[in-house]
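Overview (structure and organization)
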Amino acid sequence: QLQRRRALSLVRRTCAALEQRPPTKAHTRVAMKAQLITSRLGCLAFAALVFLPVNALPYPANASSRSVTAAQTPSLWRSRETRESGEAPQDARPTAECPGEKSRPVVSCAAFWNPRPTAEAAQACRAPGACPSAPVAYRVVSVMNFKSTPAAALADWADYHLLIGVDHMVFIDNNCGDGGRLGQARLGGHPPWEVALSPYVNAGVATLVTRYRCLDFNSSFGAPALRYRVMSEEATASPLRERMRDDTLVLTIDDDEYMVMPDPRETLATVAQSMKLNQLCAANVIWRNYGDAGYTCQPQMPAVAAFLGRAPLWQEAEKHRPYIKHAQEEADAINIHPGFRKGKALFNWGHMRDCTVDSPKNDWTVTAHQCEADCGALRNCAHKTGLHQDMETSDECYPFHAASGDHEVKGLASGGLWINHFEFQSLEHWEAKKARGRTNDHSPRLGTPPWYFNDVEDASGAIAIQLRIRAVQSAPLRTCLARKFLSAPGSAAAEETRHLQPSQ
């Protein structure tokens with residue numbers, strides 16, 4: 001599908017160039033008409049040369065790497081006409097042929113991260129004066145609430161973000177009911193997501209909060225407020241107690257959002273330090289919104305390695321107004337954001353409450369995408385901006401506000417920083433996401449993923465993680481991560497990082 005779409009784009013550009021050639025010296029109607037006919041004949045000939053080899057290509061392999069025959073095509077892959085119609089026919093929906101997203105085995109590297117102190121050491125520190133040094137402050141903490149997320153995806157998210165510099169992760173379980181009703185079998189009496197996260201809890205790099213299961217969100221209490229409430233409660237208990245500082249960077253990203261930092265020498269601690277040096281209470285990081293890549297069944301691998309096509313950034317599409325208008329219409333039809341100029345706010349712990357909790361003095365709607373708080377002596381560079389409001393390069397927030405300034409926020413990390421947002425993934429995943437519901441009072445999601453979310457091939461996130469893995473000092477951890485985030489065979493990321501891949 002991607003190759004056909006690129007071929008069509010190439011034909012359109014070539015035909016437009018042929019028809020826009022300057023007229024011949026003989027400015028007669030006959031000569032101009034003859035030139036037009038010649039141009040169109042040339043266009044048709046070029047189209048035949050392009051599309052004959054493309055149409056001879058087989059359909060790509062499905063999520064489980066089996067070849068797809070013509071008879072299988074309706075149930076495993078959707079045609080371009082189906083995708084652009086806005087509705088999925090019955091034969092395009094997930095079928096019994098899908099292995100099941102929640103059946104993917106959990107691969108965890110938790111055992112290789114910094115372990116919790118031994119029981120003997122912890123007991124010795126209870127004696128007065130036995131451990132005089134203060135606990136090491138957390139530089140970066142994440143907090144995420146999840147519901148119906150496959151256990152393997154939670155482990156993927158955890159290992160990925162520990163690798164790029166999160167010191168401690170707080171997971172809030174919003175599931176309701178046991179694993180059986182959620183399509184995930186209970187293991188040893190515990191839901192699979194608990195089993196997947198418990199190694200990280202035992203290693204001291206994560207906290208799992210279960211007291212907010214079955215919580216109903218409403219217009220006055222959404223995910224941002226829940227995250228702050230949990231963080232404020234956990235900050236009074238181990239292991240967060242005495243480790244949270246006012247300048248601790250807090251990430252409130254979701255299970256389908258992955259922070260990307262192309263320079264492996266930089267980590268999220270670099271971002272925390274940049275915010276401190278530049279006296280920021282909040283900054284904005286842009287989404288790069290990835291599509292479904294044509295998958296009906298969920299790939300049996302981490303999303304960051306499987307999905308490499310995204311929607312254009314505003315900077316890439318802003319001059320093409322008809323394209324943007326069409327994209328907006330497609331997004332409105334299924335109740336989602338079109339993907340331009342939207343991301344997440346980063347803020348420090350000292351101002352998290354101001355950015356996430358509604359109060360009578362606030363005259364804005366609290367969301368996870370901006371912060372409108374007054375930070376006093378610190379600068380707030382995560383404020384809401386309109387779709388067409390560009391900052392001047394001289395604006396003090398230009399390097400720190402990706403939605404309207406530098407889209408890679410080079411002020412926070414010289415190598416760039418953004419969020420790969422895997423909103424749709426496969427059709428199987430999208431249908432499950434629609435059934436799960438939202439954590440706010442927005443209209444329910446509808447339809448199928450718009451095709452334009454696959455228009456730009458961008459493997460930078462998958463390549464960046466391979467480069468970062470290569471720099472890991474611990475050999476067991478490096479091997480575990482390399483095998484876990486192995487690039488999809490034949491993909492641009494696999495070709496670019498072939499020399500970095502572990503032996504099979």
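The notes below deal with the structure included here. (Residues numbered from 1 in each chain as written. Predicted model: local features only at pLDDT ≥ 70, side-chain atom pairs only at ≥ 80, totals over all residues. Heavy atoms only, no water.)

A few words on the overall build of the protein chain. Along the backbone of the protein chain there are 17 helices and eleven strands. Counting only contacts in the protein chain whose residues sit at least 6 apart along the sequence, the fraction spanning at least 24 positions is 73%. Taken as a whole, the protein chain presents about 23,900 Å² of accessible surface, with 54% of it coming from carbon and sulfur. (Helix = DSSP H or I, 4+ residues; strand = E, 2+ residues; numbered from the N terminus. Contact = heavy atoms within 4.5 Å. Areas by Shrake-Rupley, 256 points an atom, 1.4 Å probe, with all protein chains shown as cover.)

Let's shift gears to the side chain of His161. By secondary structure assignment, the location of His161 is in helix H6 (residues 151-163). Given a relative accessible area of 0%, His161 falls into the buried group. (Buried < 20%, exposed > 50% of the residue type's maximum accessible area, 1.4 Å probe, protein only.)

The next thing to look at is the nonpolar core. In terms of nonpolar packing, the biggest core is built from 71 residues, with Met169, Tyr200, Met259, Leu346, Leu412 and Leu417 touching the most fellow members. In terms of residue count, H6 provides more of this core than any other element does, seven residues in total. Listed in part, the 30 residues of the second largest apolar core include Ile172, Ala225, Met231 and Met352. (Core = buried A, V, L, I, M, F, W, Y, C linked by side-chain atoms within 4.5 Å.)

For the coordinates displayed, the defined rule picks out 22 salt bridges. In this structure, Arg139 and Asp167 form a salt bridge, with 3.5 Å as the shortest nitrogen-oxygen distance. One end of the pair, Arg139, is in the loop between helix H5 (119-124) and strand S1 (140-146); the other, Asp167, is in the loop between H6 and strand S2 (168-173), with 28 residues separating them in the sequence. A salt bridge links Lys410 to Glu408, with the shortest nitrogen-to-oxygen separation between them at 3.7 Å. Judged by relative accessible area, Glu408 falls into the buried class, the value being 18%. One salt-bridge network, held together by shared partners, links Arg288, Arg310, Glu316, Glu408, Lys410 and Asp458. (Salt bridge = Lys/Arg side-chain N within 4 Å of Asp/Glu carboxyl O.)

Here the focus is unusual backbone geometry. In terms of backbone geometry, most residues other than glycine have negative phi values and most peptide bonds are trans. Going from Ser238 to Pro239, the amide bond is cis rather than trans, its omega being 5 degrees. Here Pro239 shows up in the loop between helix H8 (223-234) and strand S4 (249-251). Unlike most non-glycine residues, Cys214 shows phi in positive territory, near 65 degrees. The exposure class assigned to Cys214 is partly exposed, which follows from its relative accessible area of 40%. The residue Val409 is not glycine, and still its phi comes out positive at about 40 degrees. Within the secondary structure, Val409 sits in the loop between strand S9 (379-381) and strand S10 (418-421). Here Val409 falls in the buried class, since its relative accessible area comes to 0%.

In terms of residue burial, S2 counts as a mostly covered element, since six of its six residues are buried. Covered by surrounding structure in S2 are His168, Val170 and Ile172 together with Met169, Phe171 and Asp173, the residues of both alternating faces. Bridging between S1 and S2 involves six bridges; their strand directions are parallel. Residue Ser142 lies in a different strand from S2, and its bridge partner there is Met169. Handedness of the crossover is the feature at issue here: the chain leaves S1, passes through H6, returns alongside S2, and the resulting connection is right-handed. Pairing between S2 and strand S3 (residues 206-209): four bridges, direction parallel. Residue Phe171 lies in a different strand from S3, and its bridge partner there is Leu208. (Pairing = 2+ DSSP bridges. Right-handed = clockwise from strand over helix to strand, strands pointing away.)

Under the criterion given, the structure shown has 14 aromatic pairs. Where Tyr160 meets Phe485, the ring centres are 6.2 Å apart and the plane angle is 70 degrees; that geometry is what we call edge-to-face. With Tyr160 in helix H6 and Phe485 in the loop between helix H16 (475-484) and helix H17 (492-496), this residue pair connects regions lying 325 residues apart in the sequence. With respect to burial, Tyr160 and Phe485 carry one shared label: buried. For the ring pair Tyr290 and Phe422, a centre distance of 5.1 Å and an interplane angle of 40 degrees mean the geometry is tilted. Note that Tyr290 is positioned in the loop between strand S6 (280-289) and helix H10 (303-306) and Phe422 in the loop between S10 and helix H14 (427-436), a separation of 132 residues in sequence. Each member of the pair, Tyr290 together with Phe422, is buried. Three or more aromatic residues joined by ring pairs make a cluster, and in this case those are Tyr160, Tyr258, Tyr290, Tyr295, Phe307, Phe422 and Phe485. For the cation-ring pair, Arg288 lies above Trp418, with the distance from its terminal atom to the ring centre recorded as 3.6 Å. (Phe/Tyr/Trp six-rings, centres within 6.5 Å; stacked < 30°, edge-to-face > 60°. Lys NZ or Arg CZ within 6 Å of the ring centre and 35° of its normal.)

Further remarks concern helix H15 (residues 460-470). Of the positions making up H15, those classed as buried are Gly461, Ala462, Ala464, Ile465, Gln466, Arg468 and Ile469. Where H15 is buried, its residues contact H6, strand S5 (257-260), H10, S10, H16 and H17.

What follows deals with the environment of Ala413. Mapped onto the elements of the fold, Ala413 is located in the loop between S9 and S10. Residue class for Ala413 comes out buried when judged on its relative accessible area of 1%. As for Ala413 and Thr270, which are separated by 143 residues in sequence, their C-alpha atoms are 6.6 Å apart. With residues up to four places along the chain from it excluded, the contact list for Ala413 reads Met261, Glu266, Val271 and Glu408.

This brings us to the state of the cysteines. All chains considered together, the criterion is met by six disulfides. Here Cys281 connects covalently by a disulfide to Cys375, the sulfurs 1.9 Å from one another. Here the disulfide of Cys281 and Cys375 is right-handed, its torsion about the S-S bond being about 65 degrees. Here the residue Cys281 occupies a position in strand S6, and Cys375 occupies one in the loop between helix H13 (352-356) and S9, the gap between them amounting to 94 residues. The pair Cys281 / Cys375 is uniform in exposure class, with both members buried. With its sulfur 2.0 Å from that of its partner, Cys355 forms a disulfide with Cys371. Torsion about the S-S bond of the Cys355 and Cys371 cystine: about -70 degrees, corresponding to left-handed handedness. With Cys355 in helix H13 and Cys371 in the loop between H13 and S9, this residue pair connects regions lying 16 residues apart in the sequence. (Disulfide = S-S within 2.5 Å.)

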